[in-house]
Amino acid sequence: MKTLKTITSFLLTMLIALSSVRAESNKHSVEDNFNIKAGISINKIYFKTSFIPINEKREDQTESSGIGFNTSVGYKWNNWELMVGSDVLFGTLKDMTFEVNSNDITGNGHYRIFALSPLVRYYTPYIIYNRWNLFVDAGPTWSLHTFTLNNDLSGANFSSKKRISFENRGGSINIGFEEVVPFKETHPTFFEIGYSYMRSHKIFIVDASDFKDVITLQKDNSTDFRGHYFIFRFGITLF
Amino acid sequence: MTKFVLILFMFAVFLEFIPRYSYATPAEIKDELKETFSDKVQADPKTGKRLPLYQYGYQDREHSLAESAKNIGIVYGMTWFFYPIVQPKVFHGVGGVKNYGRNFGKLVFDQDEPFWNDFVHPLTGSQLYLLYRADGYDILGAFEMTFISSALFEMTVEIFTEPGSVQDLYQTPVLGTVLGFGIENASMYLLNSGNTLGKIVGHILNPATLLPIYEGRTLIIPKLEDADKGAMIRWDFRF
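Right, let's walk through the structure included here. (Residues numbered from 1 in each chain as written. Chains lettered and ligands numbered in written order. Predicted model: local features only at pLDDT ≥ 70, side-chain atom pairs only at ≥ 80, totals over all residues. Heavy atoms only, no water.)

1. Considering the interface of chain B and chain A
So the rule is basically this: Any two residues whose heavy atoms approach within 4.5 Å at even a single point are treated as in contact. Once two parts are put together, the accessible area they lose, assessed with a 1.4 Å probe and summed over both, is termed the buried area. Throughout this description, the term salt bridge denotes a Lys or Arg side-chain nitrogen within 4 Å of a carboxyl oxygen of Asp or Glu. Within 3.5 Å is the distance limit for a polar contact, defined as a pair of N or O atoms, with the added protein rule that one can donate a hydrogen and the other accept it, and that residues adjacent in sequence qualify only through two side-chain atoms. Helical segments are the DSSP runs of H or I of at least four residues, strand segments are the runs of E of at least two, and each set is numbered from the N terminus. Three residue categories are used. Nonpolar comprises Ala, Val, Leu, Ile, Met, Phe, Trp, Tyr, Cys and Pro, charged comprises Asp, Glu, Lys and Arg, and polar comprises the others, including Gly.
On the side of chain A, 44 residues touch chain B, which itself brings 33 residues to the contact. On the chain B side of the contact with chain A, Phe109(B), Gln111(B) and Tyr170(B) bury the most area, a combined 24% of that side's loss. Counting across the chain B and chain A interface gives two salt bridges. The residue Glu113(B) makes a salt bridge to Arg112(A) at a minimum N-O spacing of 3.4 Å. The interface formed by chain B and chain A holds five residue pairs in polar contact (both at pLDDT 80 or more) in total. Counting residues per element, the side of chain B that touches chain A draws most heavily on helix H7 (residues 166-191) of chain B, which supplies ten residues. For the side of chain B that touches chain A, the per-class residue count stands at 18 nonpolar, six polar and nine charged.

Shown next, in the form of structure tokens:
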């Protein structure tokens, strides 16, 4: 709850900051200006949870690839940028093994992630090929990682209509390049590689039989889920 | 639905192949038709492409604080009016004043399906963004107004049925603005294509271009005669 209040405060602070920089935004320069970026994300995730021991090899953790999109809202000064970034990622999982009544029941599934990070970005003095500016950024991250089974598991009290969600906390660090251009209207391109570490603090079992009204069946504290997220992002500054 | 799409596709193909004077230069139009088409169809003599009779676009202007507050108030009032209609449970059973008190000030990660978080909310946000753009706000101004409107709805209206959601608070204005920016460009291209179907689709994608606030192309004219009081809506279509 405290965390969420912090996010709210941050978003409201951003809004107030945005209101105060409106006059500056008329310049349409990349610096000393507000921006919204959007792009595509490709991810590789390594995670571990006792709820989903995954495959027959009984490896310590499982890995999965996925794809999604990223957006961010920020304000850039000369070398610094304060921003809120978000990723929405989707991926598939094969042979997820659940232990039900001492029996292993296997099914295929998929996951989705919503992650939100307030970030501080530093644009280094290094510019490659006179065009690409190296930057690094970091910040705390909150995420919701939801698992779904594609097929019903006979004999198990779990179906394709139910989901397991983990509310996670962690941190992110990213490094990448952004195109050096004089004006926002030229939509500078960026690409970056990011790493996030996430650990759950809450688990939810939800019933999505009625997609209009998802019901939370169970909610507990849990530190069971741990994940390493590697995300490649590329996109443009829209304005 | 499939049949409808197929029929629409066939209609578009049909329109593409039927002979049209839009591709004729003024000199190529038959003499007996010249009078008919002289002030209705204009074509570029070099390319033979139809020239739009009306150039659609956005003219950004400054808004006073009072005007912005009034606009926020109107949109906020509309959410109070329409939300109980689309969510009847607000007044029946599940929702209600008890829920409102419990959810007020709460912010959580919602468990909603991607249909809502990644489609419906951004789509709503995009239409809000386009509404404010139609009223003359620049891109950043429209984003800010969308942020405020959606945050007010999220934190003070939707809590009749569920607590405020982190995903909605971020994605409605941000993804909505990204989507709205795309719709804005696509609709302006279609509206300025000079093609009738293009104009229809352009208005469907961006219905705010039909509102009186958009360049005054739609007028609501009051009728004050004793015998016939009322109002007349005049839409200025030029195909």
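2. Observations regarding the pairing of strand S2 (residues 62-76) of chain A
Residues and elements named next belong to chain A. In plain terms, the rule: The cut-offs for exposure are 20% and 50% of the maximum accessible area for each residue type, with area from a 1.4 Å probe on protein chains only; residues under the lower value are buried, those over the upper are exposed, and the others partly exposed. For two strands to pair, DSSP has to find at least two bridges joining them.
Summarising burial for S2: eleven of the 15 residues are buried, a large majority. As paired elements, strand S1 (residues 33-48) and S2 share 15 bridges and run antiparallel to each other. Residue pairing in the sheet places Phe34 in a bridge with Tyr75 of S2.

3. Quick word on the packing of aromatic side chains
For clarity, the threshold we go by: Stacked, tilted and edge-to-face are the three classes assigned to paired rings of Phe, Tyr and Trp, where Trp is represented by its six-membered ring and a pair needs centres within 6.5 Å; plane angles under 30 degrees give stacked, over 60 edge-to-face, the rest tilted. Either the NZ atom of lysine or the CZ atom of arginine qualifies as a charge over a ring when it sits within 6 Å of the ring centre and within 35 degrees of the ring normal.
If you walk through the whole model with that rule in mind, you get 29 aromatic pairs over all chains. With centroids separated by 5.3 Å and ring planes inclined at 50 degrees, the aromatic side chains of Phe47(A) and Phe147(A) adopt a geometry described as tilted. Here the residue Phe47(A) occupies a position in strand S1, and Phe147(A) occupies one in strand S5 (residues 132-149), the gap between them amounting to 100 residues. Assigned by exposure class, Phe47(A) and Phe147(A) land together as buried. Ring geometry for Phe114(A) against Phe109(B): centres 6.2 Å apart, planes inclined by 65 degrees, an arrangement best described as edge-to-face. Taken together, the positions of Phe114(A) in strand S4 (residues 103-128) and Phe109(B) in the loop between strand S3 (107-108) and helix H5 (114-134) put the pair across two chains. Feature note: the residues Phe47(A), Tyr111(A), Phe147(A), Phe166(A) and Phe225(A) constitute an aromatic cluster, connected by ring pairs. Taking NZ or CZ as reference, Lys76(A) lies 4.3 Å from the ring centre of Tyr123(A), over its face. Taking the ring centre of Tyr58(B) as reference, the NZ or CZ of Arg133(B) above it sits at 4.5 Å.

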